[in-house]
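One-letter residues, chain by chain:
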Amino acid sequence: MTNRVLLTSGGLWVSQPGVDVLTGTDDQMLFSMATESLQVVQSGVISDPGANSTTNVTIPDQGFKPFVIVSCDKYNFTFELTSNTNLRLKTQSAVSLTNDNLAPTVITRDGSVRYAVLNQVIE
Amino acid sequence: MTNRVLLDANGLRVSRATKDVISAGIGDLKFNSDWSQLGVFATGSKAPSWSIISSTEGYWHDTSAFGRTFATAPLVFFDLDAGGGVYVPVGDASGFTYHQEYGVGTNYWWVVVQVSTTGLTFNARYNKPTSGWTRPSFTIKWSAMYYNL
C-alpha cells in the first residue's frame, strides 16, 4: 500500500493518490509544508440588496486583505476590501435580459449575493 | 525549530513558515480544521443546442444534475468561452448572467446559468435581425465544489 500521510516533527504531508509521500515532490502533494492551502474562512449569503446599494460585511481579521469570491446572478456589482475586516459590496443595475419573458422557462433571478472569504492574501 | 503542526482534541492546525503554530493568529495559519476546504465534486461543460423560434430568433434551455442534493446550493466556478477572441472567459461562483448586444438592442444574445441544490440550469436566447450576424456559439465549463455557500 502506498504511503500517503507523513507526520513528523518537521511537519505534515499528504500525497496524491498513487504517489508515495516519502518520495513525492511538492507538486504531487495534496498538502505540503511548502505550499499554501486554499480554505474558506467565512462565507455567507446576502439577501437581495437591491440595485445601486452598498452593503458592508465584517470579515475575520487575518492581518491582511484576503482573496474573496463574490457572485450574483442578477446585478452588475463591484466589491472592495476597505480594510482587513470590511468587505464592501456595491450593486449597480440588474443585468438586462431582452425578451427573457419569452424564454421557454420563466427566469427568476433572486438577486442574492454569495461570498466566500479565503485564507490567502491578495498579492 | 519552529512549531508548525498542532494536532489536539480541537483539531489540526498548521502554521505558515516561520510562524509558531501555538501562538499563531488566524492569519498565520495555512491550514485550520475549523475552516472549510474546497474540493471539486464534479466538472462538466455545456454548449447550446439552439431551438429555432424564427429565422432570426432562438433559445436554449438545458440542465445538468449533480446526482445528489446538497443542503444549500454548492459553490460552482464557471468559465464562459465564446471563442474567436471576441469575449473573454468570465469566472463566477454561483451562477451568472451574461448579456451581449450588437448595435442598439437589435442583435443580442444572453445566457443565464443558475445553481440549485440539485444541479445547474442553463437558459439562453439570441436575436439576429441583421443579416450576416452568425448564431452565437459558446461553451460553458463548470466545476462544482463540495463546499456550500
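Residues numbered from 1 in each chain as written. Chains lettered and ligands numbered in written order. Predicted model: local features only at pLDDT ≥ 70, side-chain atom pairs only at ≥ 80, totals over all residues. Heavy atoms only, no water.

Caption draft 1: Fine view of the sheet that holds strand β4 (residues 36-37) of chain B. Judged by pairing direction, the sheet is antiparallel, and its four strands sit side by side in the order β6(A)-β9(A)-β4(A)-β4(B) without closing on themselves. For this open sheet the edge positions go to β6 (66-72) of chain A together with β4 of chain B, each flanked by a neighbour on one side alone. Across two bridges, the pairing between strand β4 (residues 39-46) of chain A and β4 of chain B is antiparallel. The partner of Q39 of chain A across the bridge, within β4 of chain B, is Q37 of chain B. (Pairing = 2+ DSSP bridges. Helix = DSSP H or I, 4+ residues; strand = E, 2+ residues; numbered from the N terminus.)

Caption draft 2: Here's a closer look at the environment of E80 of chain A. Residue and element names in this part refer to chain A. Checked against the element boundaries, E80 lands in strand β7 (residues 75-83). By relative accessible area, E80 is classed as partly exposed at 36%. Sequence spacing of E80 and L6 is 74 residues, and the spatial spacing of their C-alpha atoms is 40 Å. Contacts of E80, omitting those with residues within four sequence positions, involve N86, L87, R88 and K90. (Buried < 20%, exposed > 50% of the residue type's maximum accessible area, 1.4 Å probe, protein only. Contact = heavy atoms within 4.5 Å.)

Caption draft 3: Spatial organisation of the sheet that holds strand β1 (residues 5-8) of chain A. Residue and element names in this part refer to chain A. An order of β1-β2-β3 is seen for the three strands of this open sheet, with the pairing classed as antiparallel. Two strands in the sheet have a free side with no partner beyond their single neighbour: β1 and β3 (29-31). Pairwise comparison of adjacent strand axes, ignoring direction, gives a mean angle of 25 degrees for this sheet. Sheet topology note: the strand β2 (residues 11-15)/β3 ladder contains two bridges and is antiparallel. By the bridge assignment, S15 is partnered in β3 with M29. (Axes fitted to C-alpha atoms, helices over the stretch in contact; angles between N-to-C directions.)

Caption draft 4: Region of interest: the environment of S9 of chain A. Residues and elements named next belong to chain A. Along the chain, S9 turns up in the loop between β1 and β2. For S9, a relative accessible area of 66% puts it in the exposed group. Sequence spacing of S9 and R109 is 100 residues, and the spatial spacing of their C-alpha atoms is 52 Å.

Caption draft 5: Just the interface of chain B and chain A, in detail. Tallying the contact residues gives 39 residues for chain B and 44 residues for chain A. Summing both sides of the interface, chain B and chain A together bury roughly 3,400 Å²; the carbon and sulfur share of this comes to 59%. Run the count over chain B and chain A and you get one salt bridge. A salt bridge links R16 of chain B to E36 of chain A; the nearest nitrogen and oxygen atoms lie 3.1 Å apart. The interface formed by chain B and chain A includes seven residue pairs in polar contact (both at pLDDT 80 or more). Here the side of chain B that touches chain A is composed, by residue class, of 20 nonpolar, 12 polar and seven charged. (Buried area = accessible area lost by both parts, 1.4 Å probe. Salt bridge = Lys/Arg side-chain N within 4 Å of Asp/Glu carboxyl O. Polar contact = N/O pair within 3.5 Å; in protein donor to acceptor, adjacent residues only side chain to side chain. Nonpolar A, V, L, I, M, F, W, Y, C, P; charged D, E, K, R; others polar.)

Caption draft 6: The packing of aromatic side chains, seen in detail. Under the definition given, this model contains 10 aromatic pairs over all chains. Look at F31 of chain A and F31 of chain B: their rings are 5.5 Å apart centre to centre, the planes differ by 85 degrees, and that puts the pair in the edge-to-face class. Taken together, the positions of F31 of chain A in strand β3 and F31 of chain B in strand β3 (residues 29-32) put the pair across two chains. Taking the centre distance of 5.4 Å and the plane angle of 85 degrees together, the rings of F41 of chain B and F70 of chain B count as edge-to-face. You can see F41 of chain B sitting in strand β5 (residues 40-46) and its partner F70 of chain B sitting in the loop between β7 (57-65) and β8 (74-81), a full 29 residues away along the chain. Judged by relative accessible area, which is 24%, F41 of chain B ranks as partly exposed. Here F70 of chain B falls in the buried class, since its relative accessible area comes to 4%. Here the aromatic cluster, defined as three or more aromatic residues joined through ring pairs, consists of W50, W60, W109, F122, Y126 and F138 of chain B. Above the plane of the ring of F31 of chain A lies K30 of chain B, whose end atom (NZ or CZ) is 4.8 Å from the centre. (Phe/Tyr/Trp six-rings, centres within 6.5 Å; stacked < 30°, edge-to-face > 60°. Lys NZ or Arg CZ within 6 Å of the ring centre and 35° of its normal.)

Caption draft 7: How the structure looks around the pattern of salt bridges. Residues and elements named next belong to chain B. Under the criterion given, the structure shown has five salt bridges over all chains. Between D34 and R13 there is a salt bridge, with its nearest N and O atoms 3.5 Å apart. With D34 in the loop between β3 and β4 and R13 in strand β2 (residues 11-15), the pair connects residues that are 21 residues apart, well separated along the chain. Judged by relative accessible area, D34 falls into the exposed class, the value being 53%. Relative accessible area serves as the criterion here: at 33%, R13 is assigned to the partly exposed category.

Caption draft 8: Main features of the confidence of the model for chain B. All names here are of chain B. Averaged over all residues, the pLDDT of chain B equals 82, while 85% of them reach at least 70. In this model residues 85-92 is a low-confidence stretch, pLDDT under 50, and it forms 19 contacts with partners more than four residues away in sequence or in other chains. Both scores are available for the predicted complex, with the pTM at 0.74 and the ipTM at 0.76. (pLDDT = per-residue confidence, 0-100.)

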